[in-house]
Amino acid sequence: VMLCFVPDSAGEPHVAHGMVRPFEVTASTDPAPPPVPDGQVELHDFRFEVPAALDGDDVLEVANAATTEAHEMVVARLDDGAGIEDVVAALDAGRPIPASGVGGMQALLPGDAQHLALDLAPGRYALFCAVTSREGVPHYRAGMASEVVIR
């Protein structure tokens, strides 16, 4: 199933408004090998561990290294003059973030990993997790929001 945990302006996840869709995966007759990653991003309680240098065409292995919480990674190109603190403030206020979404990784359970390939222009990007903890706190508010530079 595909679902969206990003909160609306009232703090309710989009999945509660019907942003959910089932799909079926069938066996492949000729499975392709997974891509070789250029780097790894680890999702922790509550931070991102990102390579020091990232190119816009890197293939990343995104791994949830946490032990109890699911995590996601939203990737958004920051508007000129905006920083990660502006993104967090906008999310908290239910306003549009000062950035343009460019992709990311869906929520991964602890121990899971997936590959992510994005075609990003050089610049400053926000990474954040909008999954809400069992205590009702969005992970970005608990510190899971970072700024990265794509060269």
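Right above here is the structure, for reference.
Residues numbered from 1 in each chain as written. Predicted model: local features only at pLDDT ≥ 70, side-chain atom pairs only at ≥ 80, totals over all residues. Heavy atoms only, no water.

1. Regarding the overall build of the protein chain
Thought 1: Counting secondary structure elements, the protein chain contains 1 helix and 10 strands.
Thought 2: Listed N to C, the secondary structure of the protein chain is β-β-β-β-β-β-α-β-β-β-β in terms of helices and strands.
Thought 3: On the principal axes, the C-alpha backbone points of the protein chain span a range of 50 × 35 × 25 Å. (Helix = DSSP H or I, 4+ residues; strand = E, 2+ residues; numbered from the N terminus.)

2. Side note on the pattern of salt bridges
Thought 1: This model, assessed by the stated rule, comprises 5 salt bridges.
Thought 2: The closest approach of N and O atoms between D55 and R151, which form a salt bridge, is 2.6 Å. Linking D55 in the loop between β4 (47-49) and β5 (59-64) with R151 in the segment after β10 (145-150), this pair joins segments that are 96 residues apart in sequence.
Thought 3: As a salt-bridge pair, D92 and R141 come within 2.8 Å of each other at their nearest N and O atoms. In this pair, D92 sits in helix α1 (residues 84-93) while R141 sits in the loop between β9 (123-128) and β10, placing the two residues 49 residues apart along the sequence. (Salt bridge = Lys/Arg side-chain N within 4 Å of Asp/Glu carboxyl O.)

3. Let's talk about the pairing of strand β3 (residues 39-44)
Consecutive residues of a regular strand have side chains that alternate between opposite faces of the sheet.
Thought 1: Judged from the 5 bridges that link them, β3 and β5 form a sheet pairing that is parallel. Within β5, the position partnered with E42 by the bridge is A63.
Thought 2: In the sheet, β3 pairs with β4 via 3 bridges, with the strands oriented antiparallel. Opposite E42, over in β4, you have E49 as the bridge partner.
Thought 3: Two successive antiparallel strands, β3 and β4, enclose a turn made up of 2 residues. (Pairing = 2+ DSSP bridges.)

4. Regarding the layout of surface pockets
Thought 1: Space inside the largest pocket adds up to approximately 240 Å³.
Thought 2: In this model, the second largest pocket occupies a volume close to 190 Å³.
Thought 3: Residue lining of the second largest pocket: 13 residues in total, with E72, V74, G104, M105 and Q106 positioned closest to the centre.
Thought 4: Those elements that place two or more of their residues in the lining of the second largest pocket are β6 (71-78) and β7 (99-108).
Thought 5: Per-element tally for the lining of the second largest pocket: the top contributor is β7, with 5 residues.
Thought 6: Among the residues making up the lining of the second largest pocket, the classes are represented as 9 nonpolar, 3 polar and 1 charged. (1 Å grid on protein atoms, 1.4 Å probe; cavity = no way out; pocket = protein on both sides within 12 Å on 5 of 7 lines; lining within 4 Å. Points joined across faces, edges and corners; volume = space filled by probe spheres on them. Nonpolar A, V, L, I, M, F, W, Y, C, P; charged D, E, K, R; others polar.)

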